[in-house]
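As a plain string of letters, each chain reads:
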Amino acid sequence: MASVGATPGRTPQGPRPREASASFPSPAPVPDPREAEEEEEEEPAEIHLCVLWNSGYLGIAYYDTSDSTIYFMPDAPDHESLKLLQRVLDEIDPQSVVTSAKQDENMTRFLGKLASQEHREPKRPEIILLPSVDFGLEISKQRLLSGNYSFIPDSMTATEKILFLSSIIPFDCLLTVRALGGLLKFMGRRRIGVELEDYNVSIPILGFKKFALTHLVSIDQDTYSVLQIFKSEPHPSVYKVASGLKEGLSLFGILNRCRCKWGEKLLRLWFTRPTQDLEELNSRLDVIQFFLLPQNLDMAQMLHRLLGHIKNVPLILKRMKLSHTKVSDWQVLYKTVYSALGLRDACRSLPQSIQLFRDIAQEFSDDLHHIASLIGKVVDFEGSLAENRFTVLPNIDPEIDEKKRRLTGLPSFLTEVARKELENLDPRIPSCSVIYIPLVRAGGLASFFVFPACLPWWRPVTLRLRVWTSCSSQRRSFTIVVLEPRSWMHCWGTCTATSGVRRSEWLERSGQHGDQETLLMYQLQCQVLARAAVLTRVLDLASRLDVLLALASAARDYGYSRPRYSPQLLGVRIQNGSFVPAEEAEIGAVDAIFTRIHSCESISLGLSTFMIDLNQQVAKAVNNATERSLVLIDEFGKGTNTVDGLALLAAVIRHWLALGPTCPHIFVATNFLSLIQLQLLPQGPLVQYLTMETCEDGNDLVFFYQVCEGVANASHASHTAAQAGLPEKLIARGKEVSDLICSGEPIKPVKELLKEKQMENCQMLVDKFLKLDLEDPSLDLDIFMSQEVLPAAATIL
């Protein structure tokens with residue numbers, strides 16, 4: 001294993017992508033003032049940004065006229081408040097922002113705020129909305145592949161051009177591809193940079209480059225897969241096989257001990273967007289170190305229990321805005337707010353020197369207590385669950401309490417009404433049943449009398465039912481048509497309120513107190529929504545505390561140690577601010593991680609394994625790695641001819657070594673021992689050779705799992721084959737052939753195998769002679785001897 005890196009002790013300063021083309025090795029001489037006057041003034045640079053937001057991910061691409069280069073950022077997760085997009089805008093300061101006219105509420109709200117920012121200097125960006133069809137995936141790919149780019153030779157065929165562009169542009173990032181296609185469409189309409197030229201003059205595009213924010217680490221999906229940062233696998237439960245995947249054995253799965261869903265989402269976000277900000281990393285480590293102290297274990301467990309009651313507050317607030325609040329939402333919000341108050345009280349007793357504790361103690365204001373007090377004093381949780389609707393506690397509104405009291409006496413009142421109605425029935429009716437149907441929306445009550453079907457005088461009729469309502473002082477009538485009277489019970493309807501007194505008493509008893517409770521619920525919702533900002537901040541800080549408690553729990557169980565971050569050193573671990581599995585560690589920040597470890601093969605790609613390694617992995621590292629990048633290469637070159645693979649591996653490493661101080665940090669693991677034996681790499685301080693320490697105990701190979709300086713003397717393939725269960729005869733023959741190749745001697749066939757082959761050939765020749773019919777007149781012995789006997793004899797001898 002060879003380690004190649006920058007000179008120790010140097011502070012790497014990676015340039016921003018848009019500054020890379022404008023950097024020079026030495027300062028230019030100061031021109032003469034007269035020459036400066038004659039020089040043409042340089043046009044101010046313009047940046048045009050295209051952005052798409054979908055399902056929590058951002059796709060960003062922009063064109064910089066100063067270097068005529070298109071920059072893109074692979075699909076990146078972002079919060080609903082679009083904080084990542086705001087950071088991009090602050091860093092590049094675009095002149096225009098292009099997006100699709102079909103956007104969700106979050107993007108629409110963000111663009112509205114962006115257009116109304118009067119304080120932006122020098123001016124607000126222009127918001128340009130294009131039809132959503134301009135951002136189609138297939139049409140965007142066609143624009144990218146059919147573009148006229150000066151950096152692509154004209155001699156390239158269409159297939160070669162596709163392969164070349166796929167090594168630069170991540171076509172697996174669908175939002176980024178769509179954003180690039182929309183940007184090219186906008187540039188073609190505006191004629192950016194060639195406004196005064198003829199229409200046949202194309203817009204200058206000198207390259208495509210990957211863009212990363214200053215304090216974020218760039219990592220592609222292949223790297224996440226091969227390093228097992230995330231790993232999804234089917235759920236083992238038969239009831240959840242079709243519902244989705246679960247997290248398998250991965251770094252995220254090991255560290256994820258969050259109690260609330262928003263904490264889990266934040267931890268995933270920290271992994272997908274690692275930061276280089278050393279101040280932020282050290283602030284996270286301070287909280288973890290505090291909870292690792294033995295005296296703070298009880299406090300950590302108590303906070304963990306409280307965090308289990310922090311639920312999805314944004315969803316509840318959204319339902320409140322739409323007036324779709326459920327009874328369970330009030331319970332969840334009540335528990336969340338009271339748990340937040342518990343977190344605030346606990347953090348006020350903790351050291352205020354830690355920023356997170358200070359933020360929770362200050363920003364969890366008394367508005368939370370006000371919300372919890374209102375909900376606890378107004379909402380009747382037991383009654384709401386029993387009636388499946390919002391109900392209020394007693395002594396909140398006297399009018400509601402009085403109507404509820406009268407409503408409880410309604411059964412006895414209806415019984416009295418039924419008795420009086422029965423007095424007016426035909427005496428020939430022996431018995432009947434009275435059914436009352438409340439007309440909730442009409443504010444009245446209808447009654448039906450059900451008779452036995454055996455009455456001799458009954459005949460099919462069309463009945464008219466009159467019902468009193470609270471909406472009018474008159475009776476309302478509607479017709480009931482009995483379609484199949486023989487199969488129905490005899491029905492007859494009448495109005496329950498036969499007198500004005502009874503009607504008014506019914507309306508008074510059945511007063512709609514539910515409407516007044518709904519009005520109280522609306523007022524309570526307004527009180528909560530007025531303090532929505534506090535609840536959102538509670539969720540942000542609580543999820544941050546949840547993540548850090550989870551990392552502290554994992555560090556305590558696995559014996560992790562706190563690393564020391566230094567700008568002069570390289571950080572190998574994903575920089576999310578967690579402790580590391582080492583007794584002592586001093587690491588630094590990186591701006592990107594590139595890997596060539598696993599080949600993502602697919603029949604649909606139509607590419608060989610070696611082409612995939614080159615095109616999608618090594619080419620990305622060669623084209624985008626900076627002096628602060630980390631490159632991990634394992635067994636590159638094994639997918640082609642041995643000599644060609646060895647030559648390409650050596651050429652790639654020598655290319656990086658030629659960069660000198662700007663060489664990225666590279667770890668190469670290879671079985672090409674000829675790379676060292678043939679001295680294909682230059683000697684110098686940038687190259688260091690490491691190997692794994694082993695020891696041979698007779699025929700066994702013992703691994704010490706320790707890295708030491710030096711190079712491997714052998715690949716130990718025979719020992720590995722023996723552990724895999726191959727027959728000893730095959731292993732011995734393989735070792736013999738390997739020794740002959742190393743010594744340059746000719747490889748001879750195995751004598752036992754040769755004798756067996758000779759016996760088979762002799763038997764075949766004997767069989768041919770026995771089958772020969774000498775009396776056959778058509779037999780030609782000369783032909784038989786030349787075509788059958790002589791070739792077989794050659795193989796025997």
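Above this text sits the structure in question.
Along each chain, residues carry numbers from 1 onward, in the same order as the chain's sequence is written. Local features are withheld for residues below a pLDDT of 70 in this predicted model, meaning they are given only at 70 or higher, and side-chain atom pairs are given and counted only at 80 or more; totals for whole chains, interfaces and linings count all residues. Calculation of side-chain values draws on the structure's entire complement of heavy atoms; hydrogens and water are dropped beforehand.

**A word on the overall build of the chain**
Link 1 in the chain: Strands here mean DSSP runs of E at least two residues long; helices mean DSSP runs of H or I at least four residues long; both are numbered from the N terminus. The number of helices and strands found in the chain is 29 helices and 22 strands.
Link 2 in the chain: Note on classification: 1.4 Å probe, protein chains only; a residue is buried when its accessible area is under 20% of the maximum for its type, exposed when over 50%, partly exposed between these limits. Buried residues in the chain amount to 41% of all 797 residues.
Link 3 in the chain: Contacts in the chain between residues at least 24 apart in sequence constitute 65% of all its contacts with a sequence separation of at least 6.
Link 4 in the chain: The Shrake-Rupley method, run with a 1.4 Å probe, gives the accessible areas here. Residue values count only the displayed protein chains as cover. Roughly 45100 Å² of accessible area belongs to the chain as shown, and the carbon and sulfur atoms make up 55% of that amount. Contacts between residues were defined by any pair of non-hydrogen atoms, one from each residue, lying within 4.5 Å.

**Points about unusual backbone geometry**
Link 1 in the chain: A positive phi angle, close to 50 degrees, is found at Ser-68, a residue other than glycine.
Link 2 in the chain: Among the secondary structure elements, Ser-68 is positioned in the loop between strand S3 (57–64) and strand S4 (69–77).

**Overview of the pairing of strand S18 (residues 592–596)**
Link 1 in the chain: In terms of burial, S18 is a largely internal element, five of the five residues being buried.
Link 2 in the chain: Side chains of S18 alternate between two faces, with Ala-592, Phe-594 and Arg-596 and Ile-593 and Thr-595 buried alike.
Link 3 in the chain: When DSSP finds at least two bridges between two strands, those strands are taken to pair. Note that strand S8 (residues 218–219) and S18 share two bridges and pair parallel. Paired with Ile-219 across the strands is Ile-593, a residue of S18.
Link 4 in the chain: The sheet contact formed by S18 and strand S19 (residues 629–634) spans five bridges and is parallel. Pairing of Ala-592 across the sheet is with Ser-629, part of S19.

**Quick look at the nonpolar core**
Link 1 in the chain: Membership of the largest hydrophobic core comes to 82 residues, with the highest contact counts inside it found for Phe-291, Trp-330, Phe-357, Leu-368, Leu-535 and Leu-545.
Link 2 in the chain: Looking at this core element by element, the count peaks at 16 residues for helix H22 (residues 532–558).
Link 3 in the chain: Not counting residues within four places of it along the chain, the set of residues in contact with Leu-545 comprises Phe-291, Leu-303, Leu-307, Leu-343, Leu-356, Phe-357 and Ile-360.
Link 4 in the chain: The next biggest cluster of nonpolar side chains, apart from the first, holds 30 residues, and it includes Ile-70, Leu-165, Val-194 and Ile-203. Among the buried residues, those of types Ala, Val, Leu, Ile, Met, Phe, Trp, Tyr and Cys that are joined through side-chain atoms within 4.5 Å form a nonpolar core.

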